[in-house]
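Breakdown of the fold
What follows is the residue order along each chain.
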Amino acid sequence: MAPGRATSVDRRPSPSFDPLPALPALPAATIRCCTMKAEKTLWDRVVHAVLFEGIALCLCAPVMSYVLGKSLFDTGVLTIALATCAMLWNMLYNAMFERVEKKFGFKRTVPVRIGHAVGFEGGLVLVVVLLAAWWLSISYWDAFLLEMGLIAFFLPYTYVYNLVYDKVRERLVRRGDAARVTEA
């Protein structure tokens, strides 16, 4: 054994343990601490929601303008209003989802992610239909069809965005943990 290395480290891998090759051997309590999923702060939730809505806004407003034959201004303002509603819903929905996830201890498998995306989008249908019908002066049926088009876009978008966001965040959290451990 190399000099200066701890000898009391529990070397049995836990199911959630993902070893970082450059880390020195540390007491087991430190290793468990560093591999736990970091809790999301309010700032984390704001960044998640703003990025989600900002990317969606850049994709949706021009397409809606073209498809509906409305001005980019009208569809842009509607998209911003919908994004604001969706952002608030996103933060609330994800906080509730993560509480349920923590309570029941399920993993974010493909079916869970699909259920997450369907639940999120289902909560927005009523607001979008009413707001779109009023702002664009279209019938509720046309607003509903618009919403179905948005759902056709947002279901896969929500799935892919959250998958990529979680992977990037996990790497960043791991890097931060590794930096804190090596500084100690």
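First things first, this report covers the structure right here in the doc. Because the structure is predicted, anything quoted here is derived from the model rather than measured.

Helices and strands together make up the secondary structure of the protein, namely five helices and zero strands. Walking the protein from its N terminus toward its C terminus, one meets helices and strands in the order α-α-α-α-α. Sequence separation of 24 or more characterises 66% of the internal contacts of the protein that already satisfy a separation of 6 or more. For the protein, the exposed area adds up to about 11900 Å²; of that, 70% sits on carbon and sulfur atoms.

Attention now moves to the nonpolar core. Core analysis: the biggest nonpolar cluster contains 22 residues, and F52, M64, L78, L146, L150, F154 and Y157 have the highest contact counts within it. When residues of this core are traced back to their parent elements, those giving at least two are helix 2 (42-68), helix 3 (72-104), helix 4 (110-136) and helix 5 (140-183). Those residues within four positions of Y157 in sequence are excluded, and the remaining contacts are L51, F52, I55 and A56.

A contiguous nonpolar patch, built from V63, Y66, V67 and L68 and spanning about 450 Å² of accessible area, is present on the exposed surface. Checked against the element boundaries, Y66 lands in helix 2.

On to the packing of helix 3 against helix 4. For any two helices packed against each other, one specifies the inter-axial angle together with the distance between the axes. Remark: helix 3 packs on helix 4, axes separated minimally by 10 Å, with the N-to-C direction vectors making an angle of 145 degrees. Once helix 3 is placed against helix 4, the crossing between them reads as right-handed. The residue inventory of the contact of helix 3 with helix 4, partitioned by class, reads 18 nonpolar, six polar and one charged.

Before going further, it helps to examine empty space enclosed by the protein. Scanning the model with the defined rule gives four cavities of 30 Å³ or more in all. L82, A83, A86, L150 and F154 are the residues nearest the centre of the largest cavity, which is lined by 20 residues in total. When residues of the lining of the largest cavity are traced back to their parent elements, those giving at least two are helix 2, helix 3, helix 4 and helix 5. For the lining of the largest cavity, the leading source of residues is helix 2, giving six residues. Its volume calculated, the second largest cavity comes out at about 90 Å³. As for the second largest cavity, its lining consists of 13 residues, of which R108, R113, H116, N162 and D166 are closest to the centre.

What follows is about the pattern of salt bridges. Inspection of every chain in the model, using the stated rule, returns eight salt bridges. Notably, a salt bridge pairs E101 with R108, separated by 2.9 Å at the nearest N-O pair. A residue is classified by how much of its surface remains accessible, and R108, at 22% relative accessible area, is partly exposed. Within the structure, one salt-bridge network assembled from shared partners comprises K40, R45, E98, E101, R108, R113 and D166.

What counts, and at which threshold
Residues numbered from 1 in each chain as written. Predicted model: local features only at pLDDT ≥ 70, side-chain atom pairs only at ≥ 80, totals over all residues. Heavy atoms only, no water. Helix = DSSP H or I, 4+ residues; strand = E, 2+ residues; numbered from the N terminus. Contact = heavy atoms within 4.5 Å. Areas by Shrake-Rupley, 256 points an atom, 1.4 Å probe, with all protein chains shown as cover. Core = buried A, V, L, I, M, F, W, Y, C linked by side-chain atoms within 4.5 Å. Buried < 20%, exposed > 50% of the residue type's maximum accessible area, 1.4 Å probe, protein only. Patch = residues over 30% accessible without salt bridge, like charges linked within 9 Å, V, L, I, M, F, W, Y side chains within 5 Å. Salt bridge = Lys/Arg side-chain N within 4 Å of Asp/Glu carboxyl O. Axes fitted to C-alpha atoms, helices over the stretch in contact; angles between N-to-C directions. Left-handed = near helix turned anticlockwise from the far one by under 90°. Nonpolar A, V, L, I, M, F, W, Y, C, P; charged D, E, K, R; others polar. 1 Å grid on protein atoms, 1.4 Å probe; cavity = no way out; pocket = protein on both sides within 12 Å on 5 of 7 lines; lining within 4 Å. Points joined across faces, edges and corners; volume = space filled by probe spheres on them.

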